[in-house]
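Residues per chain, in single letters:
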Amino acid sequence: MRIRIVDAFTDRPFAGNPAGVLLLDAFPEDDWLQKVALEVSHAETAFAHRLPEGGEADWALRWFTPATEVAMCGHATLATAHVLWTTGAHEGPVRFAARSGVLIASPAGDGAITLDFPTAPLTAVDVPDGVARALGAEPRTAYDTGADVGDLVLELADEKTVRGLAPDHKALAAHSARGIIATARAEDPARGYDFVSRCFFPNVGIDEDPVTGSAHTALAPYWSERLGRLDLTGLQASARSGLVRTGLRGDRTLLTGHAVTVIEGDLLV
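Note that the structure is predicted; figures quoted are calculated from it, not measured. (Residues numbered from 1 in each chain as written. Predicted model: local features only at pLDDT ≥ 70, side-chain atom pairs only at ≥ 80, totals over all residues. Heavy atoms only, no water.)

Focus: helix H2 (residues 74–87)
Going by this rule: The numbering of helices and of strands both runs from the N terminus, where a helix is a DSSP run of H or I of at least 4 residues and a strand a run of E of at least 2. Expected helix span is taken as 1.5 Å per residue step, with the number of steps being one fewer than the number of residues. Note on exposure labels: buried denotes an accessible area under 20% of the residue type's maximum, exposed denotes more than 50%, and partly exposed covers the range between, all computed with a 1.4 Å probe on protein chains only.
In this model H2 runs 20 Å from its N-terminal to its C-terminal C-alpha over 14 residues, within 8% of the 20 Å that 1.5 Å per residue would give. Burial runs high along H2: eleven of the 14 residues are buried.

Notes on the side chain of Asp116
The condition is simple: Each polar contact in these results corresponds to two N or O atoms within 3.5 Å; when the atoms are within protein, one needs to be able to donate a hydrogen and the other to accept it, and residues that are neighboring in sequence are counted only if both atoms are side-chain atoms. Contacts between residues were defined by any pair of non-hydrogen atoms, one from each residue, lying within 4.5 Å.
Following the sequence through the fold, Asp116 ends up in strand E8 (residues 113–118). Separated by 2.6 Å, the side chains of Asp116 and Arg252 make a polar contact. Contacts of Asp116, omitting those with residues within four sequence positions, involve Leu103, Ile104, Arg252, Thr253 and Leu254.

A word on the state of the cysteines
Filter applied, for reference: Two cysteine sulfur atoms form a disulfide, by the criterion used here, when they sit within 2.5 Å.
All chains considered together, the criterion is met by zero disulfides. Free cysteine Cys73: the closest other cysteine sulfur is in Cys199, separated by 11 Å.

Quick word on unusual backbone geometry
Positive phi is not limited to glycine here, since Phe9 has a value of about 60 degrees. You can see Phe9 is positioned in the loop between strand E1 (2–8) and strand E2 (17–24).

With respect to the nonpolar core
Condition: To qualify as a nonpolar core, a set must consist of buried Ala, Val, Leu, Ile, Met, Phe, Trp, Tyr and Cys residues joined through side-chain atoms within 4.5 Å.
Within the largest apolar cluster, 49 residues are counted, with the highest numbers of intra-cluster contacts made by Trp59, Trp63, Leu78, Val94, Phe96, Ala105 and Leu115. With six residues, the single largest contributor to this core is H2. The residues contacting Leu78, other than those within four sequence positions of it, are Ala8, Phe9, Ile113, Leu115, Gly257, His258 and Ala259. In this structure, Ala134, Leu165, Ala186 and Leu235 belong to the second largest nonpolar core, which totals 19 residues.

With respect to the packing of aromatic side chains
So the rule is basically this: Note on ring pairs: Phe, Tyr and Trp rings are taken, using the six-membered ring of Trp, and paired if centres are within 6.5 Å. Classes follow the plane angle, with under 30 degrees stacked, over 60 edge-to-face and the rest tilted. In this scheme, Lys NZ or Arg CZ marks a charge over a ring once it lies within 6 Å of the ring centre and within 35 degrees of the ring normal.
Counted by the stated rule, this structure contains five aromatic pairs. Centre to centre, the rings of Phe47 and Phe64 are 5.8 Å apart; their planes meet at 80 degrees, and the pair counts as edge-to-face. Residue Phe47 is located in strand E3 (residues 44–50), and its partner Phe64 is located in strand E4 (residues 59–64); the two are separated by 17 residues in the primary sequence. Considered together, Phe47 and Phe64 belong to a single accessibility category, that of buried residues. Ring centres 5.2 Å apart and planes at 80 degrees place the aromatic pair Tyr222 and Trp223 in the edge-to-face group. Taken as a pair, Tyr222 and Trp223 share a single burial class, namely buried. Grouping aromatic residues by their ring pairs yields a cluster made of Tyr143, Phe195, Tyr222 and Trp223. Here the guanidinium or amino end of Arg62 rests over the ring plane of Phe27, the centre of that ring lying 5.3 Å away. Over the aromatic face of Phe201 sits the side chain of Arg178, whose NZ or CZ is 4.1 Å from the ring centroid.

So, the pattern of salt bridges
Short version of the rule: We count a salt bridge whenever a side-chain nitrogen from Lys or Arg sits within 4 Å of a carboxyl oxygen from Asp or Glu.
Taken as a whole and judged by the stated rule, the model has 17 salt bridges. Residue Arg4 is joined to Glu264 by a salt bridge in which the shortest nitrogen-to-oxygen separation is 3.1 Å. Placement of Arg4 in strand E1 and of Glu264 in strand E18 (residues 259–266) is noted, with a sequence separation of 260 residues between them. A salt bridge links Asp194 to Arg229; its shortest N-O distance comes to 2.7 Å. Here Asp194, found in the loop between strand E12 (179–185) and strand E13 (195–201), pairs with Arg229, found in the loop between helix H6 (216–227) and strand E15 (231–236); they are 35 residues apart in sequence, far enough to count as distant. Several salt bridges share partner residues, and in doing so they unite Arg2, Arg4, Glu264 and Asp266 into one network.

Written as structure tokens, this is what we have:
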């Protein structure tokens, strides 16, 4: 079968977040899926197969990190839609049946893709004891993001603080189900983004994720309330970096970005 590596939330290779993508006839045993994801060794590998016509979704979709299956993944969904369209396996908007519900990907013009995801429910919580020491910065606020995302959103003082983080990943693992989203208002919105973030997910085998679509289902409502606008752009300030355009639509969040296929080959096992 064909396997592809796609850089998501970027319009150029070797940036954004790489994801493995495999289109299957059906899902094999979970153990095989996990071994493939470990072999690919990117943040997520997406596995999809076509569903019968007439249902609520067109393709079934699952995502595995090198360590475990996850309930929601934005960049690997965007990568899968990109593969479906560039290979001719699907035309027009595509509905994915996933653990987190039906997720929709649509062409957005200029080659971009828009994902329609559930908005993460934000619940204000106390900053956990020890999280500032583990992160290396003092959070201003802390919010839980609900079961599907499973992160703790921490607003920090400024963009410089977010960019300069060097956390203790092992210590961070104690403070959320998946990981930590560190964020701050953009220092200069004229640079083309409204807020910055970095995402640390030691509990699923990813010390730092390059660009995280699912995190932006929490960042969109968080920053839309504070900045007074429904449509924003987030920069995930990892070493690879990437832009996510967000659109808050009540209980749904639109995530828009580009994708580039960088590797295509045959999986021989």
